[in-house]
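# Working through the structure, step by step
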Amino acid sequence: MLKNVVIVGGGTAGWMTASYLSSAFGDRVSVTVVESKRIATIGVGEATFSTVRHFFEYLGLREQDWMPHCNASYKLGIRFENWREKGHYFYHPFERLRIVDGFPMTDWWLHKKPSDRFDQDVFLMASICDAQRSPRYLDGRLFEQDYVEGREPAGTPRTTLLDQGTQFPYAYHFDAAMLAKFLTGYAKERGATQILDDVVDVVRDERGWISSVRTAEHGDVAGDLFIDCTGFRGLLINKTMEEPFISFQDTLPNDSAVALRVPVDMEERGLRPCTTATAQDAGWIWTIPLFGRIGTGYVYASDYCSPEEAERTLREFVGPESDEMEANHIRMRVGRTRNAWSGNCVAIGLACGFVEPLESTGIFFIQHGIEQLVKHFPAQGFDPALTDSYNRSMADAIDGVREFLVLHYKAAARDDNAYWRDAKTRTTPDGLQERFDQWRSKPPAADTIFPRYHGFESYSYLSILLGMGGVPMKPTPALALMDGVAADKEFQMLKDEARDLVKRLPSQYEYLAQLHR
Ligand code: FAD
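The structure reproduced in this document is the subject of the present report. (Residues numbered from 1 in each chain as written. Predicted model: local features only at pLDDT ≥ 70, side-chain atom pairs only at ≥ 80, totals over all residues. Heavy atoms only, no water.)

### Quick word on the overall build of the chain
On a plain count of helices and strands, the chain comes out with 18 helices and 23 strands. Whereas a compact globule of 517 residues would reach a radius of gyration of roughly 24 Å, the chain reaches 23 Å, a difference of no more than 12%. Based on the C-alpha atoms only, the size of the chain along its principal axes is roughly 70 × 50 × 50 Å. Of all 517 residues assigned to the chain, the portion counted as buried reaches 62%. A separation threshold of at least 6 residues defines the contact pool for the chain, and within that pool the share at least 24 residues apart is 77%. Just so you have it, the chain exposes about 20,200 Å², and 49% of that area is on carbon and sulfur atoms. Averaging the positions of the 57 positive and the 72 negative side-chain charges in the chain gives two centres separated by 1 Å. (Helix = DSSP H or I, 4+ residues; strand = E, 2+ residues; numbered from the N terminus. Rg over C-alpha atoms; globule rule 2.2 N^0.38 Å. Buried < 20%, exposed > 50% of the residue type's maximum accessible area, 1.4 Å probe, protein only. Contact = heavy atoms within 4.5 Å. Areas by Shrake-Rupley, 256 points an atom, 1.4 Å probe, with all protein chains shown as cover. Lys, Arg positive; Asp, Glu negative; His and termini not counted. Charge placed at Lys NZ, Arg CZ, Asp CG, Glu CD.)

### Considerations on the pattern of salt bridges
Counting across every chain of the model gives 31 salt bridges. Residues Arg62 and Asp65 are paired through a salt bridge, measuring 2.9 Å at the closest nitrogen-oxygen approach. Residue classification places Asp65 among the partly exposed positions, given a relative accessible area of 23%. Between Lys112 and Asp488 there is a salt bridge, with the nearest N and O atoms lying 3.1 Å from each other. Here Asp488 lies in helix α17 (residues 485-504) and Lys112 lies in helix α4 (residues 105-112), a separation of 376 residues in the sequence. Within this structure, Arg79, Glu81, Arg117, Asp119, Asp130 and Arg272 form a network of salt bridges that share partners. (Salt bridge = Lys/Arg side-chain N within 4 Å of Asp/Glu carboxyl O.)

### Focus: the environment of Thr427
Turning to its location among the elements, Thr427 is positioned in the loop between α14 (418-425) and α15 (432-441). For Thr427, a relative accessible area of 43% translates into the label partly exposed. Not counting residues up to four positions away in its chain, the partners in contact with Thr427 are Asp250, Thr251 and Lys410.

### Here we look at the sheet that holds strand β1 (residues 4-8)
The strands that make up a sheet pair up through hydrogen bonds in the backbone, lying either parallel or antiparallel. In space, the 6 strands of this open sheet follow the order β9-β2-β1-β13-β22-β21, with mixed pairing throughout. Only two strands of the sheet have a single partner each, and these edge strands are β9 (193-196) and β21 (341-342). Strand direction decides the pairing type here: β1 and strand β2 (residues 30-35), joined by 5 bridges, are parallel. Opposite Asn4, over in β2, you have Ser30 as the bridge partner. (Pairing = 2+ DSSP bridges.)

### Description of the sheet that holds strand β16 (residues 275-280)
Taken in spatial order, the 7 strands of this open sheet run β5-β4-β16-β17-β18-β15-β19, and their pairing is mixed. Two strands lie at the open edges of the sheet, namely β5 (89-93) and β19 (328-331), each paired on one side alone. Each adjacent strand pair in this sheet contributes to an overall mean axis angle of 20°, direction not counted. Here strand β15 (residues 256-263) runs beside strand β18 (residues 293-300); their pairing, made up of 8 bridges, is antiparallel. Looking at β18, one finds that Leu260 is bridged to Thr296. (Axes fitted to C-alpha atoms, helices over the stretch in contact; angles between N-to-C directions.)

### Looking at the nonpolar core
As a rule of thumb, nonpolar side chains are buried together in soluble globular proteins. Trp66, Trp83, Ile348 and Leu373 are the most contacted members of the largest nonpolar core, which has 173 residues in total. Looking at which element gives the most residues to this core, the answer is helix α13 (residues 384-411), with 10 residues. Setting aside residues no more than four positions away along its own chain, Trp66 makes contact with Phe56, Leu61, Ala72, Tyr172, Phe174, Leu179 and Phe182. (Core = buried A, V, L, I, M, F, W, Y, C linked by side-chain atoms within 4.5 Å.)

As structure tokens, then:
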């Protein structure tokens, strides 16, 4: 078996990987993280996808163990503002659709249109987000205990995304630097070694595989398997193993971001339990409410907007208090490394691939990469079938998310400037156009979304298509032949349950203040 794993890079990807491997294999595999003191981490990446709960459960961590160390808060979904027109918003929550008489409630909504807010009519979470409620009662119970039956208490079942095949009703926001620090402690306690030094060269054997990394002050660090977590640099996978990077620029043109950290008084302002994505003239601004501060940033296309303009827009969005804050400008490498695994090198995190953070999938890709690595963990012979299968799985996850993101822009009604108009005519990834045309007549279902695993389910596609408003959708004709009595009852039940939950649940601030105490 392989004994020595060397991870280069100590950002979110590096320490998530070290923690997970230490938890999975204990001291049967030695894990070393080489992390530069000089090169900063990307410094953003604070909203997650709901499946991240499997990661913490796998590590045996309960919310109270880690959330207070990372200024973490809950995320029940994403609130999209101004994508249809200024002033409009809707939620894409982590909530499966209820099915009535064989059809999801979104189909019934198209047929009956009980109001003009589809999200309020078919999801409970839209009301909970509007009212800034916590998904947990003060005693820690989850608002819909059904979701977690058989999975609580957290920490016991060591299932992974694909085993579980389901989403939880919420994800988290957290301070990425604090999480990396917390996981550093977690991994080191379980035997991982940390070397604070720069990798200045990579030594390869006669096959071209990596035998060691040369550091500035600690000599050569040898290993059997090398994990590239060096971020957009791709020091091992791209620069050393020469795996090409496939750019998605033709379909997703946003290539830059500028970010700010905004301290706020949460008690006074409240704490919205969702990420907000507010459309702008050349992209969109994220608002991530953590416990104690907001992370915000403008993701934009440099073909349509200069860095100065973007920073100005962001500062105006935040308000005059932003004058004191230092902006972090980031150039994004959007796309994926052709093969995430090459020889004895596996890329995880930004080195592997990245799409703009519109659906918070960066950390999801990391988690998927780590879980798949454990499932495909090689013996000394490095069976090529394992490598191929791993590479397919990573490519599918990233390509699938790319399709889903392109859909956001194609479906957005907004077309008030060149950026938004060009989005409608830009290249569409293979296969998406055909599905897209089909969805106008028959709403997306599990078998007509991206064909392979990429995290998103049909309810996500339905949320985006109905919320963005640029694509007129038709109800399924069969519904006109059904009496629809059960659907009417379900709409009423959803309304009653939402009203009741908003009354009974504490505010997110109240719940978190107790947890963080
Ligand atoms: P980095 O954070 O860049 O870390 C690289 C590490 O490699 C550092 O420790 C550095 O010191 C080290 N290193 C580099 N070169 C060397 C060397 N020669 N020797 C030694 N060490 C070296 N994801 C989400 O899930 N949700 C979000 O909301 C989200 N928002 C984002 C917003 C933006 C604008 C961007 C760009 C990304 C966002 N992401 C998001 C993605 C997320 O930030 C990353 O997936 C995550 O931070 C992982 O980064 P990383 O660890 O791969 O790279």
